[in-house]
Amino acid sequence: MSADDTPTPRQPYSGKKIADLRGPRSRVTLPSPDAVTLLPDPRAAHAALLDRFRAANGPASAPNAFPNMSARDVRAFANLITFALRNDLPSIDDHDAAVIWDKWRQAVDEVREHLRRVRDDDLTNDSSPDVWNACIALDHRGWDIRESLVVSLANPGEVFRHYCPWRADWATYDRIYPRAG
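Remember, it's a predicted structure, so these values are computed and weren't measured experimentally.

### Notes on the overall build of the protein
Reasoning step 1: Within the protein, the regular secondary structure consists of seven helices and zero strands.
Reasoning step 2: In the protein, the succession of helices and strands from N to C terminus is α-α-α-α-α-α-α.
Reasoning step 3: In the protein, which comprises 181 residues, the proportion classed as buried is 44%.
Reasoning step 4: Across the protein, contacts joining residues at least 24 apart in sequence account for 71% of those joining residues at least 6 apart.
Reasoning step 5: When the accessible area of the protein is evaluated, it comes to approximately 9800 Å², of which 52% is carbon and sulfur surface.

### Brief notes about helix α1 (residues 42-57)
Reasoning step 1: Spanning 16 residues, α1 covers 23 Å between terminal C-alpha atoms, matching the ideal 22 Å at 1.5 Å per step.
Reasoning step 2: By the burial criterion, the buried members of α1 are P42, A45, H46, L49, L50, F53 and R54.

### A word on the confidence of the model for the protein
Reasoning step 1: Here the protein shows a mean pLDDT of 86. Residues at 70 or above account for 87%.
Reasoning step 2: Confidence, read as mean pLDDT per element, is least for helix α6 (residues 167-170) in the protein (76) and greatest for helix α4 (residues 129-154) (96).

### Things to note about the nonpolar core
Reasoning step 1: Counting 45 residues, the largest nonpolar core has V74, L85, L89 and W104 as its most contacted members.
Reasoning step 2: Mapped onto this core, the elements with two or more residues apiece are α1, α2 (71-88), α3 (94-115), α4 and α5 (158-161).
Reasoning step 3: Other than its neighbours up to four places away in sequence, V74 contacts M69, V111, L115, V131, A134, C135 and L138.

### Description of the environment of L153
Reasoning step 1: With respect to the helices and strands, the residue L153 is situated in helix α4.
Reasoning step 2: Residue classification places L153 among the partly exposed positions, given a relative accessible area of 39%.
Reasoning step 3: In this view, L153 contacts L39, P40, P42 and I92; residues no more than four positions away in its chain are not counted.

### Focus on the pattern of salt bridges
Reasoning step 1: One pass over the full model with this rule turns up 14 salt bridges.
Reasoning step 2: Ionic pairing is found between R112 and D109, a salt bridge with its closest N-O pair at 3.5 Å. Note that R112 and D109 are positioned in helix α3 at a spacing of three residues, about one turn of the helix.

### Comments concerning the packing of α2 against α3
Reasoning step 1: For the pair α2 and α3, interaxial distance at closest approach is 11 Å and the crossing angle is 165°. In terms of their interaxial angle, α2 and α3 are classed as roughly antiparallel. Judged by the sense of rotation from one axis to the other, the crossing of α2 with α3 is left-handed. Residue-level contacts link A71, V74, R75, A78, I81, T82, L85 and R86 of α2 to I100, W101, W104, V108, V111 and L115 of α3.
Reasoning step 2: Here the contact of α2 with α3 is built from residues that sort into 11 nonpolar, one polar and two charged.

Calculation rules
- Residues numbered from 1 in each chain as written.
- Predicted model: local features only at pLDDT ≥ 70, side-chain atom pairs only at ≥ 80, totals over all residues.
- Heavy atoms only, no water.
- Helix = DSSP H or I, 4+ residues; strand = E, 2+ residues; numbered from the N terminus.
- Buried < 20%, exposed > 50% of the residue type's maximum accessible area, 1.4 Å probe, protein only.
- Contact = heavy atoms within 4.5 Å.
- Areas by Shrake-Rupley, 256 points an atom, 1.4 Å probe, with all protein chains shown as cover.
- Expected span 1.5 Å × (residues − 1).
- pLDDT = per-residue confidence, 0-100.
- Core = buried A, V, L, I, M, F, W, Y, C linked by side-chain atoms within 4.5 Å.
- Salt bridge = Lys/Arg side-chain N within 4 Å of Asp/Glu carboxyl O.
- Axes fitted to C-alpha atoms, helices over the stretch in contact; angles between N-to-C directions.
- Parallel < 35°, antiparallel > 145°, perpendicular 65-115°, else oblique.
- Left-handed = near helix turned anticlockwise from the far one by under 90°.
- Nonpolar A, V, L, I, M, F, W, Y, C, P; charged D, E, K, R; others polar.

Below, the structure is given as structure tokens:
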């Protein structure tokens, strides 16, 4: 809050741009890019986002399974996580934020590559191996992102310390402090 008690606008994370995945909009009702967040509890917030897709697409018989998703849903979900990270990363350790952003950038690149061959946005993970593989990338990489957020909130700097043995070379000033550049 500022001195006159008006909220100051949140500055989104400005790490190396992750382009939105383009395509038709999902039919699932989703939060706005400015409202979506994974904080304060990344596990619960991520599960709630997946529940929206599971409620719309199933599987109803397996409430903990990754939801059935169409290509358009995969894009929408990946975009939601990107928006959430833009909103949330300024709240955590700068070094951890850079690592999490880099991990997510790699995940989006992988999802984009899998969906590049999908011409029908209504194909689902049950009917397309490319959509299936994109969902697997979202599931596995999503786990890493939310657990990295949990670790960073509990022990700032820990995600960075465990990221890679060459982190001293990786951690350029522009990468760690993207807004300053």
